[in-house]
Amino acid sequence: PFVNLNVAYQYQSSNGSQTGSASGQTDASGSFVLNSTLAGANYKIDASIYGKIFNAGNNTVSNLPIQATAQVFIICPSETLTLNVVGYNQEPIPNARIELVELSNGLFYSASTDINGSVTTQATFGMYRARIYRDTTLINETNVQVFSSSEQQIRCTLYGIQLSVKVVDFFGSPISKVNVTLNGPEQTSAVTQSDGTAAFNNIIGGNMQIIAQASGTPDSYQAVTVTVDQPTTVEIKIDKYVALGSMLIPASLLITILIILIAIILLAIVEVYRRRRTKHDVST
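Conventions adopted
Residues numbered from 1 in each chain as written. Predicted model: local features only at pLDDT ≥ 70, side-chain atom pairs only at ≥ 80, totals over all residues. Heavy atoms only, no water. Pairing = 2+ DSSP bridges. Helix = DSSP H or I, 4+ residues; strand = E, 2+ residues; numbered from the N terminus. Axes fitted to C-alpha atoms, helices over the stretch in contact; angles between N-to-C directions. Contact = heavy atoms within 4.5 Å. Buried < 20%, exposed > 50% of the residue type's maximum accessible area, 1.4 Å probe, protein only. Salt bridge = Lys/Arg side-chain N within 4 Å of Asp/Glu carboxyl O. Core = buried A, V, L, I, M, F, W, Y, C linked by side-chain atoms within 4.5 Å. Phe/Tyr/Trp six-rings, centres within 6.5 Å; stacked < 30°, edge-to-face > 60°.

S.K.: Hey, could you run me through the sheet that holds strand β15 (residues 187-191) in this one?
M.R.: Note: strands within a sheet are paired through backbone hydrogen bonds, in either parallel or antiparallel orientation. With respect to topology, four strands assemble into an open sheet ordered β15-β14-β17-β18, the strand pairing being antiparallel. The strands lining the two open edges of the sheet, one partner per strand, are β15 and β18 (221-228). This sheet shows a mean twist of 20 degrees between the axes of neighbouring strands, independent of strand direction. Pairing between strand β14 (residues 178-183) and strand β17 (residues 206-214): six bridges, direction antiparallel. By the bridge assignment for β17, L182 is matched with I210.

So this is what it looks like as structure tokens:
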């Protein structure tokens, strides 16, 4: 359907060679009716979509039969399309499912990449919306032109991203043994190391929630929402706690203890000063 047709015809009359033209578009059934055709005329029919003629080798019709209705069939060709699907770091993505939907007529094709991230299929001449899935997650969506046999690369920049999550305490010191969970296009988790960092390799980026939960301390968690579209490090601060070795102490408790210690030290200084002053006055 919706193919543009430009028809030029030539015929012989008593006045010599004559020419004419007509144009139109096929309907939803792929048909176009040209009324009052001439027997014995030669017709050149250029069929095109998206401004591209696809029947250059099949565009001439001659010797139409002398009857009320004559049918002419134009074949829209199939082209060989090879797609190479790669991730953020240009690494091939195997077992990626590709769906191709033609924009004007809805023709649909589906295929999966091999271990090298490549797939070859036959698709009818046209413009397609390509959707690439890894398992059930959509990792890219783009338009693909199929106007001739071609090989094209589709880079899925949200696939294969390296993400580091660093968990720190009230003072910005790293917290180890914290469980970090990613909730996004896919769900995965890891535990922070001695430097407070949990590394995630080859994740699928996008909008995601990152939850940091310290083991053994129910309320020592923090959650942030981020958009990850390139390799990055996200810092999560659990500001209610302070890390002392492998232990977490509530920051409010530590601050209270520090205030008490400072007060004790100040009182001790004042007492020492008072005693020295009293001793000095007595000796005088």
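So much for the structure itself; the text now carries on.
S.K.: How should the environment of C156 be read in this particular structure?
M.R.: As for its placement among the helices and strands, C156 is situated in the loop between β12 (150-155) and β13 (159-168). Once the C-alpha coordinates of C156 and N42 are considered, the two residues, 114 residues apart in sequence, prove to be 50 Å apart. Among all residues touching C156, those that are not within four sequence positions of it are V85, V86, G87, Y88, I93, I132, I139 and N140.

S.K.: Quick question: what am I supposed to make of the side chain of T197 here?
M.R.: In this fold, T197 is placed in strand β16 (residues 197-204). You can call T197 buried: its relative accessible area is 18%. Those residues in contact with T197 that sit more than four places away from it in its chain are S164, V165, K166, V191 and T192.

S.K.: In this structure, what is going on with the pattern of salt bridges? I would like to understand it.
M.R.: When the charged atoms of two side chains lie near each other, side chains of opposite charge can form a pair. Here the structure, examined in full by the defined rule, presents four salt bridges. Close ionic contact of E141 with R129 constitutes a salt bridge, the shortest N to O distance being 3.4 Å. Residue E141 is located in strand β11 (residues 137-146), and its partner R129 is located in strand β10 (residues 126-134); the two are separated by 12 residues in the primary sequence. Across the pair R134 and D135 runs a salt bridge, and its minimum N-O distance is 3.7 Å. A single salt-bridge network, built from bridges that share partners, covers R129, R131 and E141.

S.K.: Mind showing me how you'd approach the nonpolar core here?
M.R.: When a protein is soluble and globular, its nonpolar side chains tend to lie buried together. The biggest cluster of nonpolar side chains holds 24 residues, and the ones touching the most others in it are L163, V165, V167, F200, M208 and I210. Elements supplying a minimum of two residues to this core: β13, β14, β16, β17, β18, β19 (232-237) and β20 (241-244). Not counting residues within four places of it along the chain, the set of residues in contact with F200 comprises I161, Q162, L163, V165, V180, L182, T188, S189 and A190.

S.K.: I'm lost on the packing of aromatic side chains in this one. Help?
M.R.: In this description, a pair of aromatic rings is defined by centroid distance and the angle of the planes. Here the structure, examined in full by the defined rule, presents seven aromatic pairs. Judged by centre distance (6.3 Å) and plane angle (25 degrees), the ring pair of Y9 and Y11 falls under stacked. The exposure class assigned to Y9 is partly exposed, which follows from its relative accessible area of 23%. Taking the centre distance of 5.5 Å and the plane angle of 40 degrees together, the rings of Y9 and Y43 count as tilted.

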